[in-house]
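Structural overview for review
Here's the letter readout for the chains.
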Amino acid sequence: MASSSKEVSTMIKQGFISNPSITCSPLHKISPCSISSPSNSNHLTLSPPPIISRPTLFEMMSEEQLRESKHSCDTNRRRLHHKLNTSGLGVGLGVGDVKLTVSGRDGFKICMDVHRSVLADKSRFFAEKLSPDDGLTLSVEICDCDDVDVYVETLVLMYSHDLNLKLMPLSVNKVLALLKVSAAIMFEAGILSCLEHLEAVPWSEDEEQKVISCLTQLQLHHPVTADVLHRVSTQPSTFSTSDDIFLRMLNAVLQAKDDRARKEIKSLVSRLLKEDVPENTNYGPKIDVSRDTLYGLCHRCLSALILCLSEATCMDETKQDRGAIMAEIAREADNMHWIVDILIDKKMGDEFVKLWADQKELALLHSKIPTMYRHEISRVTAQLCIAIGKGYILVPKETRYALLSTWLEPLYEDFGWMKRACRFVDKKVVEDGLSQTILTLPLPQQQSILMNWFDRFLTKGDDCPNIQRAFEIWWRRAFIRHYVPDQDPSQLQITVCDYLD
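Residues numbered from 1 in each chain as written. Predicted model: local features only at pLDDT ≥ 70, side-chain atom pairs only at ≥ 80, totals over all residues. Heavy atoms only, no water.

1. Regarding the overall build of the protein chain
Along the protein chain, the regular secondary structure elements total 21 helices and 3 strands. A burial count over the protein chain gives 37% of its 501 residues as buried. By sequence separation, contacts in the protein chain at least 24 residues apart represent 71% of the contacts at least 6 residues apart. About 31200 Å² of surface is accessible on the protein chain, with carbon and sulfur atoms providing 55% of the total. (Helix = DSSP H or I, 4+ residues; strand = E, 2+ residues; numbered from the N terminus. Buried < 20%, exposed > 50% of the residue type's maximum accessible area, 1.4 Å probe, protein only. Contact = heavy atoms within 4.5 Å. Areas by Shrake-Rupley, 256 points an atom, 1.4 Å probe, with all protein chains shown as cover.)

Set out below in structure tokens:
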């Protein structure tokens, strides 16, 4: 009871409920009617003061909202009447013979005098609903409108001689609203003008989605509708050329000569290829780059890398163009890294792991050139180990072991340069990916790889990946929590004995 009383007291203080014990006590004059005067009485009897309760905060807020709503309605009504008066509505047509009332769902309404001849001539809806002109004034009400303002503006358009001029200053959203009302009342000239306006003006991306949604919803069988949608639609026959477009774009990026422009466009293309179709939209299925296109580019990059490394190994140290060859190696390795990144994002990287594991010739050439020029190639190996370690690429254990057999030693050799020279390489991420990849192998292969790492780490230190965590897990698997499988029941021997009675 005490807490309840406390809550009530708090609400009284905040003004949400009134306190009946609190009354206003203004000074009162003693009037003759308030005095009782029996013959033997010497005292006065005063009537109690009237109890005046203070309004609660909720009541005050409600009254304020009502005042604001009334003021807003009055302002809106004056604005619409001003728009009607300045539009020249019905000039030269005489007094209107239809009293049209448009009311919104919020209760706001506006009345206007319009002409039956205009309504019936411009709108098939009104032509069907209005009776023939018999000299009587009709009263018509359009109820539950979403936006009274749009209906009034549509009515103004019906009286206009140049609809396109009226639409010119309006936003795309406003024109779409006018289009919906025009379609609802079958105002053909309004529909045509709205569609022609939408076909001509630029759209933002948000407006584009609204245009598509509106036209899809209205299902207008009008030739201009197709013209509007041509901006965002394509014929199914052109889908087959999409792969050619992707190939042209990717090839252009791979062969670009300006490094700065190449990096910017690579970022742009990668971002666009990662975009998905938004849910709950009228867009069709996404058109994406094919696996064959991407792997064709992979083979092209591999051939270019082998050619560059072959030229580098045969070149004399004093040659002036050695730096150009080394720059070409770095560029082709970066191209390969980019294509592989797209493959991983598209969940198509499984085939490339085997392809990279089979590059024995490239690995041999890699070992014959200085580390400072070749370390970009080892980024591809690190990239694949990270993807395998995170579960983005799933390949058989034979393929995983072949990958490490071919490229783990080059990765060890290049790791020091990679972490110092490549600002995009995260040492910890590479080490975690390599650790997880090793730990997916059978235990004997884990032992072989990790014991080799143990000896190398003691020699190279920080220039070797630190995969102690993988070493600890292997150790526990092998010696502490050594798993012994249950005996195969098929190997059990059963002896059957015959007992004589």
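Picking up where we left off.
2. So, the pattern of salt bridges
Enumeration over the complete set of coordinates arrives at 25 salt bridges. As a salt-bridge pair, Asp463 and Arg420 come within 3.1 Å of each other at their nearest N and O atoms. Of this pair, Asp463 sits in the loop between helix H20 (443-460) and helix H21 (468-480) while Arg420 sits in helix H18 (residues 397-421), placing them 43 residues apart in sequence. (Salt bridge = Lys/Arg side-chain N within 4 Å of Asp/Glu carboxyl O.)

3. As for the packing of helix H17 (residues 371-389) against H18
A packed helix pair is summarised by two numbers, namely the angle formed by the two axes and the spacing between the axes. At a minimum axis distance of 7 Å, the contact between H17 and H18 shows a crossing angle of 125°. Overall, the two elements H17 and H18 adopt an arrangement that is oblique. You can see that H17 and H18 cross each other, and the crossing is left-handed. The segment H17 lies against H18, with Thr371, Met372, Arg374, His375, Ile377, Ser378, Arg379, Thr381, Ala382, Leu384, Cys385 and Ile388 engaging Arg400, Leu403, Leu404, Trp407, Pro410, Leu411, Glu413, Asp414, Trp417, Met418 and Ala421. (Axes fitted to C-alpha atoms, helices over the stretch in contact; angles between N-to-C directions. Parallel < 35°, antiparallel > 145°, perpendicular 65-115°, else oblique. Left-handed = near helix turned anticlockwise from the far one by under 90°.)

4. Comments concerning empty space enclosed by the protein
Under the counting rule described, the total for this entry stands at 2 cavities of 30 Å³ or more. Of the voids in this model, the largest cavity is the one considered here, and its volume is about 90 Å³. Along the walls of the largest cavity sit Leu100, Val102, Met112, Phe126, Ile142, Tyr151, Val152, Thr154, Leu155, Met158, Val181 and Ile185, which together make up its complete lining. Mapped by element, the contributors of at least two residues to the lining of the largest cavity are strand E1 (98-104) and helix H5 (148-158). The leading source of residues in the lining of the largest cavity is H5, at 5 residues. Here the second largest cavity defines a volume of roughly 50 Å³. In terms of lining, the second largest cavity is formed by Ser270, Leu273, Lys274, Asp341, Ile342, Asp345 and Lys346. Mapped by element, the contributors of at least two residues to the lining of the second largest cavity are helix H12 (259-274) and helix H14 (322-345). Looking at the lining of the second largest cavity residue by residue, the class counts come to 2 nonpolar, 1 polar and 4 charged. (1 Å grid on protein atoms, 1.4 Å probe; cavity = no way out; pocket = protein on both sides within 12 Å on 5 of 7 lines; lining within 4 Å. Points joined across faces, edges and corners; volume = space filled by probe spheres on them. Nonpolar A, V, L, I, M, F, W, Y, C, P; charged D, E, K, R; others polar.)

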